[in-house]
Amino acid sequence: MSYTLYHIPDWGSSVIRLMLEEIGAPYAIAPLDWDAGDFDSPAFRAVNPLGLIPAMDTPEGPVFETAAIILWLNARHGGLGPAPTDPSRAAFLSWLMFTSNTLHPTVMTLIHPDRVAGEAVQAIVQAAALEHLHEEASQIEAMLTAKDPDWLSPRRPGALGYYLGILIRWAIYLPEDPGLRFSLRPFPALRAVLEAHERFPAARRVAEADSLGPTPFTAPREGAIE
């Protein structure tokens, strides 16, 4: 079973490329160019009518949205999270949806504040987003400290570790104002998970292919706030 991933390096499709590398599934890259209008092309809109990535062609038809693709791949290949009959499945699903529905939008507001309310108030919007992100990361840190789950652990790679890795990468790397960049310093358990995930072979392959650097999740820029 082979897949086609519609991809721009260091965009949301990098999350799915990490998953595909982790499970060892054969896949091809269909590169997209935002400036060339590829997202509005009829061919791509047939894959994702919303014109967004990640999106992936499968032998069973296209699938889009990060959490949907993660669950689809895990159901067919395993290795990305608990199986449907695993007792830890409920917790995994809860935190995956929290990441997708809450933390991911917060990061997008942090790195694209102008999309929320225009350029005039983007510094205020960014500051609020950073505060929310710290609150949300605190919830993950508390869960890791209390539960030490196998599905988000330094001991083994998983979907949620890679997903969080890309989101945290953006929150550290993309804000131009150093005072508005996310810091992992208050979150040692989360940092340990991300440090382990950026060293796993799948992450190293994607980091090399997409030019993400040697520490893509924890220190993506020289002099990053760690």
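Just so we're clear, the structure is a prediction, and the values are computed from it rather than from any experiment.

**Here we look at the pattern of salt bridges**
Phase 1 of the analysis: Per the stated rule, a full pass over the model turns up eight salt bridges.
Phase 2 of the analysis: In this structure, R17 engages D210 in a salt bridge whose closest nitrogen and oxygen atoms are separated by 2.7 Å. Of this pair, R17 sits in helix α1 (residues 13–23) while D210 sits in the segment after α9 (201–209), placing them 193 residues apart in sequence. Across the pair, D210 and R17 agree in class, each one buried.

**What to know about helix α8 (residues 188–199)**
Phase 1 of the analysis: Along its 12 residues, α8 runs 17 Å from first to last C-alpha, staying within 8% of the 16 Å computed at 1.5 Å per residue.
Phase 2 of the analysis: Among all positions of α8, only L190, R191, V193, L194, A196, H197 and E198 are buried.
Phase 3 of the analysis: In this structure, the buried side of α8 is in contact with α6 (122–147), α7 (159–173) and α9.

**Comments concerning the sheet that holds strand β4 (residues 61–64)**
Phase 1 of the analysis: Read across the sheet, four strands follow the order β2-β1-β3-β4 without closing on themselves; strand pairing throughout is mixed. Lying at the two open borders of the sheet, with one neighbouring strand each, are β2 (27–31) and β4. Each adjacent strand pair in this sheet contributes to an overall mean axis angle of 25 degrees, direction not counted.
Phase 2 of the analysis: Here four bridges tie strand β3 (residues 55–58) to β4, and the two strands are oriented antiparallel to one another.

**Observations regarding the layout of surface pockets**
Phase 1 of the analysis: When its volume is computed, the largest pocket comes out at roughly 860 Å³.
Phase 2 of the analysis: Elements with a contribution of two residues or more to the lining of the largest pocket: α4 (89–111), α6 and α7.
Phase 3 of the analysis: Tallying contributions element by element places α4 first for the lining of the largest pocket, with six residues.
Phase 4 of the analysis: When the residues that make up the lining of the largest pocket are grouped by side-chain class, the tally is 18 nonpolar, eight polar and five charged.

**Notes on the packing of aromatic side chains**
Phase 1 of the analysis: Tallied over the entire structure, the rule returns nine aromatic pairs.
Phase 2 of the analysis: Taken together, a centroid distance of 6.0 Å and an interplanar angle of 70 degrees make the contact between F92 and W151 edge-to-face. Note that F92 is positioned in helix α4 and W151 in the loop between α6 and α7, a separation of 59 residues in sequence. Pair check on accessibility: F92 and W151 agree, each one buried.
Phase 3 of the analysis: Between W95 and F98, the ring centres sit 5.3 Å apart and the planes meet at 75 degrees, which makes this aromatic pair edge-to-face. Placement of the pair is W95 and F98 together in helix α4, with a separation of three residues, close to one helical turn.

**Looking at the nonpolar core**
Phase 1 of the analysis: The biggest cluster of nonpolar side chains holds 61 residues, and the ones touching the most others in it are I16, M56, L73 and F182.
Phase 2 of the analysis: Going through the elements one at a time, β1 (3–7), α1, α3 (66–77), α4, α6, α7, α8 and α9 are the ones with two or more residues in this core.
Phase 3 of the analysis: In terms of residue count, α7 provides more of this core than any other element does, 11 residues in total.
Phase 4 of the analysis: Contacts of L73, omitting those with residues within four sequence positions, involve Y3, I16, M19, L20, I23, M56, G78 and L80.

**Some words on the side chain of S100**
Phase 1 of the analysis: Residue placement: S100 occurs in helix α4.
Phase 2 of the analysis: According to the relative accessible area criterion, S100 is buried, its value standing at 18%.
Phase 3 of the analysis: Residues contacting S100, with those up to four places away along its chain left out, are A67, P105 and Y163.

**Overview of the packing of α4 against α6**
Phase 1 of the analysis: The interhelical angle for the contact between α4 and α6, taken along N-to-C directions, is 155 degrees, at an axis separation of 8 Å. With respect to their mutual orientation, α4 and α6 come out roughly antiparallel. Crossing angle aside, the handedness with which α4 passes α6 is left-handed. Contacts from W95, F98, T102, L103, T106, V107, T109 and L110 in α4 reach V125, Q126, A129, L130, H132, L133, E136, Q139, I140 and M143 in α6.

**So, the packing of α8 against α9**
Phase 1 of the analysis: With their axes 5 Å apart at the nearest point, α8 and α9 run at an angle of 70 degrees to one another. In terms of orientation, α8 lies roughly perpendicular with respect to α9. Seen from α8, the contacting residues are H197, E198 and R199; seen from α9, they are P201, A203 and R204.
Phase 2 of the analysis: Per-class residue counts for the contact of α8 with α9 are two nonpolar, one polar and three charged.

What counts and how
- Residues numbered from 1 in each chain as written.
- Predicted model: local features only at pLDDT ≥ 70, side-chain atom pairs only at ≥ 80, totals over all residues.
- Heavy atoms only, no water.
- Salt bridge = Lys/Arg side-chain N within 4 Å of Asp/Glu carboxyl O.
- Helix = DSSP H or I, 4+ residues; strand = E, 2+ residues; numbered from the N terminus.
- Buried < 20%, exposed > 50% of the residue type's maximum accessible area, 1.4 Å probe, protein only.
- Expected span 1.5 Å × (residues − 1).
- Contact = heavy atoms within 4.5 Å.
- Pairing = 2+ DSSP bridges.
- Axes fitted to C-alpha atoms, helices over the stretch in contact; angles between N-to-C directions.
- 1 Å grid on protein atoms, 1.4 Å probe; cavity = no way out; pocket = protein on both sides within 12 Å on 5 of 7 lines; lining within 4 Å.
- Points joined across faces, edges and corners; volume = space filled by probe spheres on them.
- Nonpolar A, V, L, I, M, F, W, Y, C, P; charged D, E, K, R; others polar.
- Phe/Tyr/Trp six-rings, centres within 6.5 Å; stacked < 30°, edge-to-face > 60°.
- Core = buried A, V, L, I, M, F, W, Y, C linked by side-chain atoms within 4.5 Å.
- Parallel < 35°, antiparallel > 145°, perpendicular 65-115°, else oblique.
- Left-handed = near helix turned anticlockwise from the far one by under 90°.

Shape descriptors only; they carry no functional weight alone.
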